[in-house]
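Next come the chains, spelled out residue by residue.
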Amino acid sequence: MPAQPDDLAALPDSATATAVALSGVRHEYRSGGQRILALDGIDLRLAAGESLAVVGPSGCGKSTLLRMVAGFLRPSHGEISVGGAPVTRPGPDRGVVFQQPRLFPWLSVYGNVAYGLREAGVPRRARRERVGQLLDLVGLGDVAALRPYELSGGMQQRAAIARALAPDPAILLLDEPFAALDALTRERLQEELRTLWLRTGRTQLLVTHSVDEAALLGSRIIVLSPRPGTVVLDEQSALPRAEHARDLPEFTALRARILQAVRAPGR
Ligand SMILES: Nc1ncnc2c1ncn2[C@@H]1O[C@H](COP(=O)(O)OP(=O)(O)OP(=O)(O)O)[C@@H](O)[C@H]1O
C-alpha cells in the first residue's frame, strides 16, 4: 500500500495485548428439523500479532468459525474470548471484512469509512484525521469524495478494509475478502494486505478457499476437515515476512502440505 511510515506511526496500535481463544467449540445449526454439525472440538489460541489463515473444503465451517469470533453467532458449546473477554456480541475490537464490500451506496468513500466513527461519537476533527490516514494507508486518498459505484471492485474492497480498521480494532477478521475479484487484482490486494499486516502487526483471522492465499498471508495456517470441521493441520509459517514468497521453495512445500491436508485430512 502506498502509505508512508509516518502515517502508520500516527495510527494507534492496540493489538499487542490481544489474543483470541476458542476452547471446546462446537456449532450445530438447526434448519428445517435437521441438525447440521458445522464445527466440532475446536481448541485454538491465537497470539497477538498472528495472522491466522483458515482454509478447508467448502462447507467445513470456516465462515461459522469467523462469525462466532465476530460475535454474530454464539457457539452451541464451548467458549470464545477476545483479549480475555468472552465474546457475546459484535464489538469495535473486531473489524470484519466480507467477500462483498457492503459499502453504503449513498455515502462517499470518506463517508463510508467515517460512518462508524461518527456513530461512536468521535469528534469531527479526530474523525477527519483518522479517516485521512486510513484512506492514505489503503491508497484511496485521491478518491475520498467518490461513491462506491464509481470505484473498481478492488478499490471498493480497499474501502471496506479501511472501514473495518476505522475503530482501530484489535483484530481484523476477513471472510474470503478477495474471492470476488479478478486474479490480478486479487494478487495485488493479497500483497497489500500482507504489507498492511507487516507494518501494523495487527492480529488477523483470514478465511479463504485459496491454498495460495493461506500460504502467502498466514503466519499460521490451519486446515479444517470436511464437515464437521476439526483442525487437521496447524502450522506456523515465516512466509508472510518474505519478499517474493511465491518464488521460494518453502512456498511450494507449504502449499503442498496444505493441499494434502485439504484433500486427505488425517492421512
Ligand atoms: N444459517 C445456517 N443454517 C443452517 N446451516 C448452515 C447455516 N450456515 C451454514 N450452514 C451449514 O454449516 C456448514 C458450514 O457452513 P460455513 O458457511 O461455515 O462453511 P464454509 O467452510 O465457510 O463454506 P464455504 O467455503 O462454502 O463458504 C455448511 O454445511 C452449511 O450448509
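Residues numbered from 1 in each chain as written. Predicted model: local features only at pLDDT ≥ 70, side-chain atom pairs only at ≥ 80, totals over all residues.

Let's shift gears to the UniProt feature "domain: ABC transporter" (unreviewed entry) in the protein chain. When the UniProt feature table is mapped onto this chain numbering, "domain: ABC transporter" (unreviewed entry) sits at residues 20-251. End-to-end, the C-alpha atoms of residues 20-251 are 26 Å apart, and along that stretch the chain is 32% helix and 28% strand. (UniProt positions renumbered as here; feature names shortened; annotations may be inferred. Helix = DSSP H or I, 4+ residues; strand = E, 2+ residues; numbered from the N terminus.)

It is worth spelling out the site of the ligand at this point. Taken together, 14 residues sit near the ligand, with Y29, S58, K62, S63 and T64 positioned nearest. Looking at the shell around the ligand element by element, the count peaks at three residues for helix 2 (residues 62-70). A class-by-class count of the residues in the shell around the ligand yields four nonpolar, eight polar and two charged. (Near = placed C-beta within 6 Å. Nonpolar A, V, L, I, M, F, W, Y, C, P; charged D, E, K, R; others polar.)

Across the sheet, which stays open at both edges, the six strands sit in the order 6-7-8-3-9-10 with mixed pairing between neighbours. With one partner strand each, in any of the chains shown, strand 6 (94-97) and strand 10 (231-236) form the two edges of the open sheet. Direction aside, neighbouring strands of the sheet carry axes that sit 15° apart on average. Strands in contact with helix 5 (residues 153-165) are strand 6 and strand 7 (171-175); relative to strand 6, the strand with the most contacts, it is inclined by about 165°. (Pairing = 2+ DSSP bridges. Axes fitted to C-alpha atoms, helices over the stretch in contact; angles between N-to-C directions. Contact = placed C-beta atoms within 7 Å.)

Right, let's get into the sheet that holds strand 1 (residues 20-31). Strand order in the open sheet made by the four strands is 2-1-4-5, with antiparallel pairing throughout. In the strand order of this sheet, the two ends are held by strand 2 (34-46) and strand 5 (85-86), each with one partner. For strand 4 (residues 77-82) and strand 5, the ladder comprises two bridges, and the chain directions are antiparallel. From the neighbouring strand, V82 faces strand 5, where its bridge partner is A85.

Moving on: the nonpolar core. V54, V69, V113, A162, L205 and I258 are the most contacted members of the largest nonpolar core, which has 69 residues in total. For this core, the element with the highest residue contribution is helix 5, accounting for seven residues. Taken domain by domain, this core gets at least three of its residues from each of domain 1 (5-93 + 169-263) and domain 2 (104-168). In this structure V69 touches V20, I80, V82, V87, R94, L173 and L205, once residues within four positions along its chain are discounted. (Core = buried A, V, L, I, M, F, W, Y, C linked by C-beta atoms within 7 Å. Buried ≥ 20, exposed ≤ 12 C-beta atoms within 10 Å, placed from the backbone. Domains from an automatic or database assignment.)

The pairing of strand 1 with strand 4 spans five bridges and is classified as antiparallel. In the sheet register, R26 faces strand 4, and the bridge partner there is H77. Here strand 4 hands over to strand 5 after two residues, with G83 in that stretch at a positive phi of 60°.

Among the five residues in strand 3 (residues 51-55), five count as buried, and that is most of the element. Side chains S51, A53 and V55 project from strand 3 onto one buried face, and the interleaved L52 and V54 project onto a second face that is buried too. In this sheet, strand 8 (residues 203-208) lies alongside strand 3 in parallel orientation, the contact comprising five bridges. Paired with V55 across the bridge in strand 8 is T208. Looking at chain direction, strand 3 and strand 9 (residues 220-224) are connected through four bridges and run parallel. If you follow V54 over to strand 9, its bridge partner there is I222.

Where helix 5 contacts helix 6 (residues 183-200), the axes come no closer than 10 Å and their chain directions differ by 30°. In terms of orientation, helix 5 lies roughly parallel with respect to helix 6. Note that helix 5 runs across helix 6; the crossing there is right-handed. Contact residues: G153, G154 and Q157 in helix 5; T185, R188 and L189 in helix 6. By residue class, the composition of the contact of helix 5 with helix 6 is one nonpolar, four polar and one charged. (Parallel < 35°, antiparallel > 145°, perpendicular 65-115°, else oblique. Left-handed = near helix turned anticlockwise from the far one by under 90°.)

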